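A structural walkthrough
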Amino acid sequence: MGKNKTDLEGDKWWEFSLAWKWPHEGFTVGYDLIEPIEEDISKYCSFILYLGPVSLVINWGKHSWNE
């Protein structure tokens, strides 16, 4: 389940998704902030908020980062 938006006139994009894990597959409380690295082909940032079996994921970036 997710939602995304691309700014067609600009360079920015973002994406929001909701992920579910069964409690026996993993139960986490916390967060991750993932920044792009130079060696990575597709450069984007991610913020993941873990709320037990549910994870809220926000990805964002710029199209110019991939050039």
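Everything numeric here is computed off the predicted structure, so don't read it as measured data.

If you tally the helices and strands in the protein, you get zero helices and five strands. Each helix (α) and strand (β) of the protein, taken in turn from the N terminus, gives the series β-β-β-β-β. Counting across all 67 residues of the protein, residues that qualify as buried make up 19%. For the protein, the proportion of contacts with a sequence separation of at least 24, taken over those separated by at least 6, is 40%. Counting only carbon and sulfur atoms, one obtains 60% of the accessible surface of the protein, whose full area is about 5,300 Å².

For the rest of this paragraph, the subject is the confidence of the model for the protein. Low pLDDT marks stretches whose predicted atomic positions should not be read closely. Summary statistics for the protein give a mean pLDDT of 82 and a share of 76% for residues scoring 70 or more. Across the protein, the element-wise mean pLDDT spans from 64 in strand β1 (residues 2-6) up to 94 in strand β4 (residues 45-52).

With that settled, the discussion passes to the pairing of strand β5 (residues 54-62). Burial along β5 is one-sided: Ser55, Val57, Asn59 and Gly61 are buried, while Val54, Leu56, Ile58, Trp60 and Lys62, pointing the other way, are not. Taken together, the nine bridges between strand β2 (residues 12-20) and β5 define a ladder with antiparallel strand orientation. Bridge pairing links Trp20 to Val54 in β5. Taken together, the seven bridges between β4 and β5 define a ladder with antiparallel strand orientation. Each bridged residue has a counterpart across the sheet, and for Phe47 the counterpart in β5 is Ile58. Between the antiparallel neighbours β4 and β5 lie one residue.

How each quantity is defined
Residues numbered from 1 in each chain as written. Predicted model: local features only at pLDDT ≥ 70, side-chain atom pairs only at ≥ 80, totals over all residues. Heavy atoms only, no water. Helix = DSSP H or I, 4+ residues; strand = E, 2+ residues; numbered from the N terminus. Buried < 20%, exposed > 50% of the residue type's maximum accessible area, 1.4 Å probe, protein only. Contact = heavy atoms within 4.5 Å. Areas by Shrake-Rupley, 256 points an atom, 1.4 Å probe, with all protein chains shown as cover. pLDDT = per-residue confidence, 0-100. Pairing = 2+ DSSP bridges.

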